[in-house]
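A structural walkthrough
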Amino acid sequence: MSHLSERPEKPVVGVSMAHESAHLHVTGHALYTDDLVQRTKDVLHAHPVQVMKARGRITALRTEAALAVPGVVRVLTGADVPGENDAGMKHDEPLFPDEVMFYGHAVAWVLGETLEAARLGAEAVEVELEELPSLVTVTEAIEAESFHGARPVMETGDIDAGFAESAHVFSGEFTFAGQEHFYLETHAALAQVDENGQVFIQSSTQHPSETQEIVSHVLGVPSHEITVQCLRMGGGFGGKEMQPHGFAAVAALGAKLTGRPVRFRLNRTQDLTMSGKRHGFNATWKIGFDAEGRIQALDATLTADGGWSLDLSEPVLARALCHIDNTYWIPNARVAGRIAKTNTVSNTAFRGFGGPQGMLVIEDILGRVAPKLGLDAMELRERNFYQPGQGQTTPYGQPVTQADRISTTWQQVQDDAHVADRKREIAAFNAAHPNTKRALAITGIKFGISFNLTAFNQGGALVLIYKDGSVLINHGGTEMGQGLHTKMMQVAATTLGIPLHKVRLAPTRTDKVPNTSATAASSGADLNGGAIKNACEQLRERLLQVAGTQLGANSSDVRIVEGVARALGSDKELAWDDLVRTAYFQRVQLSAAGYYRTEGLHWDAKTFRGSPFKYFANGAAATEVEVDGFTGAYRIRRVDIVHDVGDSLSPMIDIGQVEGGFVQGAGWLTLEDLRWDTGEGPHRGRLQTQAASTYKLPSFSEMPEEFNVHLLENATEEGAVYGSKAVGEPPLMLAFSVREALRQAAAAFGPAGVSVDLASPATPEAVFWAIEAARGGDASGSDTEVPSTASALSNA
């Protein structure tokens, strides 16, 4: 077992425990960024000046009337920016734009003594606009050939030969929607300037170092003059990886110019209309199978809806391409990617970061064509799994080293869920109920863990031991409710060999751990855990030298377990607090900076080849649904999940992440329906679902009636801290099983072998129309079988 993954005697990791801030959450004492306003004197409030047109060139911006509004202190415009007027890492996001690029784009910000004064001031600002043509949907952008950013192509094998050898070839198109993050805490920042001009920003951000960098660019000062702190977030899900930077810059600019603290917080409608979503996609594809239903070739084009600026669209698209294979070996493939430029909000990271979109394409294909191949969808999926010992690689060239876990989780979930028995019961139920149908579907996942950009795969930590034996840890990861801080405290306690109550964790700050990566890509525990372990090992080695002297033993024979140092073969012992105090008086350094970098990664973005991921996370889910034939309404009767998290650092936290990720994925695929005004009227480009009343989120009523989650046992991951695996993003994609069960239930209303084309999100309305098509015996759907050289089949 590797040093990184090996666990010591009586580890604190692997023990189920509550979230470190759970008691603060449930009692209302947990502080979030905007709560700090009440503790800050003379705060000014920022409010956006939004332009409600999809696109247009600003010809005049008049602020005089706003300054006459009682309580208005200042109006921030582009003329006030001392540095770079840009809030994006791609330099394509003007903080104060000259051209409105989406409906609700903020072109100026008003600072007021109260939020109401700032709001009234914003209403008084006069903006004259020369309207320009706009593109609202990805389909419109494709037709207009409106694209931006990189256009990668992933190739493997020989697709022409693959199609020539295929007995069945199908083609089709699939357009599916994005998703709103709808974190409970909206975007927020609080900026202050001290007597030396140093800027301190409290921000609800997943990437404090990048927030620091953007603010330094806008203010035209070096990074060491900016400190960013994140106490915690009330949810992030990727929406706070890139998008908080400009909002923090507005607050910092206002604080610099006025000398007073500036508070920034979007209300829910502003957050929904101004911040980016998960990327919707359009996919066109052609796929070939041999006579046994094994994939021979795939030719696809994925078009991501990037919105008005690039943001993180390029790496999102790259991850979508890298995950179109999911759990399936595709020997011959060509997959092209491109990013549509539309006049909507700039779409951004969302849990899974493009992986769900790529995987949804292949799962949709298999679900659609299985009936045409005369195969059960479960059987078709299983036939195409990566196989252990075959030397198979992904389409981008990375070996699949744990292919056995694909089939292991698949088989275990079948056993746990009693799938064979229940399928017989479902068949009997459906035969007896003409207007209600049930279905059970299983889908699996293979999700790569690491940032595609190799440089991001590094983490830092600072660990301090005080004279009384208490320990304070700092790391570069941020807490958004996912339990990262809880796991990091467990890692520190395990490495030092002390009880958990000895360890406290400080808020994430850029002046404690610099140059950190975003808490994203499910890598927070891997990167920061590795760094904390490294720092604690340095400290432990120093303390073992002291303990060895005190116990009359070689330091290599000393173990620190549960806060007591003992030498092997001796009854002597030394309490942790005494050991630390002795070390202090011996002038032993009791602080250490830790560092970790993920080894074994390589990625060439130009050739789209390499091994960008440290390992793959696997899992499988079996979902049973019941569908009403009159309305398309449905309920999730039961879900069984087996998920691979390696050796869990904190099992209760991980099970919560699996449950939450699954439900969020089910929301994206079945409920959450973003609607934009695509008409030619005055509100073209307006987000119509801009409140909880019109944008439906999963609630208790959508939860499975029976929900069973098991973590795969005996699953040590040699390449990660204490044998664990990432858990944040992968479970979201287990929700494909919900959508596939709905597809099969809709098909059950029609004749045997009917193929169902199901929209995404699969709302009750979408399910109803799928049922109607199935009843009509529409076996073709929108995909068609095309002639192949091998079979010379005529068009279906």
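Conventions used here
Residues numbered from 1 in each chain as written. Predicted model: local features only at pLDDT ≥ 70, side-chain atom pairs only at ≥ 80, totals over all residues. Heavy atoms only, no water. Helix = DSSP H or I, 4+ residues; strand = E, 2+ residues; numbered from the N terminus. Rg over C-alpha atoms; globule rule 2.2 N^0.38 Å. Buried < 20%, exposed > 50% of the residue type's maximum accessible area, 1.4 Å probe, protein only. Areas by Shrake-Rupley, 256 points an atom, 1.4 Å probe, with all protein chains shown as cover. Contact = heavy atoms within 4.5 Å. Pairing = 2+ DSSP bridges. Axes fitted to C-alpha atoms, helices over the stretch in contact; angles between N-to-C directions. Right-handed = clockwise from strand over helix to strand, strands pointing away. Polar contact = N/O pair within 3.5 Å; in protein donor to acceptor, adjacent residues only side chain to side chain. Salt bridge = Lys/Arg side-chain N within 4 Å of Asp/Glu carboxyl O. Phe/Tyr/Trp six-rings, centres within 6.5 Å; stacked < 30°, edge-to-face > 60°. pLDDT = per-residue confidence, 0-100. Expected span 1.5 Å × (residues − 1).

**What about the overall build of the protein?**
Within the protein, the secondary structure is distributed over 19 helices and 30 strands. In terms of overall size, the protein behaves like a compact globule, its C-alpha atoms giving a radius of gyration of 28 Å where 796 residues would be expected to give roughly 28 Å. Projecting the C-alpha coordinates of the protein onto the three principal axes gives extents of approximately 85 × 80 × 50 Å. Counting across all 796 residues of the protein, residues that qualify as buried make up 62%. For the protein, the exposed surface amounts to about 29,100 Å²; the carbon and sulfur share of it is 50%.

**So, the environment of Leu360**
Within the secondary structure layout, Leu360 lies in helix α10 (residues 355-369). Overall, Leu360 belongs to the buried group, its relative accessible area being 1%. C-alpha of Leu360 to C-alpha of Asp325: the two residues are 35 residues apart in sequence and 9.9 Å apart in space. With sequence-adjacent residues up to four places away left out, Leu360 is seen in contact with Phe174, Phe176, Trp668, Leu669, Phe736, Arg739 and Ser760.

**A word on the sheet that holds strand β20 (residues 508-509)**
As summarised here, the arrangement of the 8 strands in space is β3-β5-β1-β12-β9-β10-β11-β20, forming an open sheet in which the pairing is mixed. Edge strands, defined here as strands with exactly one partner in the open sheet, are β3 (72-76) and β20. Examined bridge by bridge, strand β1 (residues 44-51) and strand β5 (residues 105-112) share 7 bridges and lie antiparallel to one another. Paired with His45 across the two strands is Gly112, which belongs to β5. Across the sheet, helix α3 (residues 115-124) touches β1, β3, β5 and β12 (262-265), and the angle it forms with β1 is around 25°.

**Description of the pairing of strand β28 (residues 634-643)**
A large share of β28 lies buried, amounting to 8 of its 10 residues. Summarising the sheet, strand β27 (residues 615-628) and β28 pair through 9 bridges and their orientation is antiparallel. Across the sheet, Ala621 pairs through a bridge with Ile641, a residue of β28. Taken together, the 6 bridges between β28 and strand β29 (residues 706-711) define a ladder with parallel strand orientation. Looking at the pairing, Ile641 lines up with Val709 of β29. For the handedness criterion, the β-α-β arrangement of β28, helix α17 (residues 651-670) and β29 is classed as right-handed.

**Some remarks on the side chain of Asn618**
Structurally, Asn618 can be placed in strand β27. For Asn618, a relative accessible area of 1% translates into the label buried. Polar contacts involving the side chain of Asn618 include one to the main-chain carbonyl oxygen of Ile445, which spans 3.3 Å. In this view, Asn618 contacts Gln402, Arg405, Ile406, Ile445, Lys446, His643, Asp644 and Lys725; residues no more than four positions away in its chain are not counted.

**Focus: the pattern of salt bridges**
Under the criterion given, the structure shown has 54 salt bridges. Note that Glu624 is salt-bridged to Arg637, the shortest N-O span being 2.7 Å. Here the residue Glu624 occupies a position in strand β27, and Arg637 occupies one in strand β28, the gap between them amounting to 13 residues. For Glu624, a relative accessible area of 5% translates into the label buried. Overlapping salt bridges, with partners in common, bring together Glu363, Asp364, Arg368, Arg381, Arg739, Glu740, Arg743 and Asp757 in one network.

**A few points about the sheet that holds strand β6 (residues 126-131)**
Within a sheet, adjacent strands bond to each other through the backbone by hydrogen bonds, running parallel or antiparallel. Within the open sheet, the 3 strands sit side by side as β4-β2-β6. Their pairing is antiparallel. Bordering the open sheet on either side are β4 (99-100) and β6, each of which pairs with just one other strand. The sheet contact formed by strand β2 (residues 56-62) and β6 spans 6 bridges and is antiparallel. Across the sheet, Arg62 pairs through a bridge with Glu126, a residue of β6.

**A look at the packing of aromatic side chains**
For the structure on display, the rule yields 18 aromatic pairs. Aromatic side chains Phe247 and Phe264 sit 4.8 Å apart centroid to centroid with 20° between the ring planes, which places their arrangement in the stacked category. Within this pair, whereas Phe247 is found in helix α7 (residues 244-258), its partner Phe264 is found in strand β12, the two being separated by 17 residues in sequence. Aromatic pair Phe451 and Phe456: ring centres 5.6 Å apart, planes at 90°, arrangement edge-to-face. Overall, the relative accessible area of 35% leaves Phe456 in the partly exposed class.

**Observations regarding the confidence of the model for the protein**
Do not read the predicted coordinates in detail wherever pLDDT is low. Averaged over every residue, the pLDDT of the protein is 96; the share at 70 or more is 98%. Every residue in residues 789-796 scores below 50 in pLDDT, and together they form 17 contacts with partners more than four places removed in sequence or on other chains.

**Concerning the environment of Leu366**
Looking at the secondary structure, you find Leu366 in helix α10. Under the relative-accessibility criterion, Leu366 is labelled buried at 0%. Sequence separation between Leu366 and Ala377 is 11 residues, and the spatial gap between their C-alpha atoms is 6.9 Å. With sequence-adjacent residues up to four places away left out, Leu366 is seen in contact with Phe289, Ile295, Tyr328, Leu380 and Arg381.

**Topic: helix α14 (residues 484-496)**
In this model α14 runs 18 Å from its N-terminal to its C-terminal C-alpha over 13 residues, within 8% of the 18 Å that 1.5 Å per residue would give. The buried count for α14 comes to 13 of 13 residues, which makes it a mostly enclosed element. Positioned one or two residues after α14, Gly497 has a phi angle of 80°, which is positive.

**Topic: the side chain of Thr211**
The topology assignment puts Thr211 in helix α6 (residues 208-219). Among the residues examined, Thr211 registers a relative accessible area of 0% and is labelled buried. At a separation of 2.9 Å, a polar atom in the side chain of Thr211 contacts the side chain of His245. Not counting residues up to four positions away in its chain, the partners in contact with Thr211 are Ser203, Thr205, Val228, His245 and Ala248.

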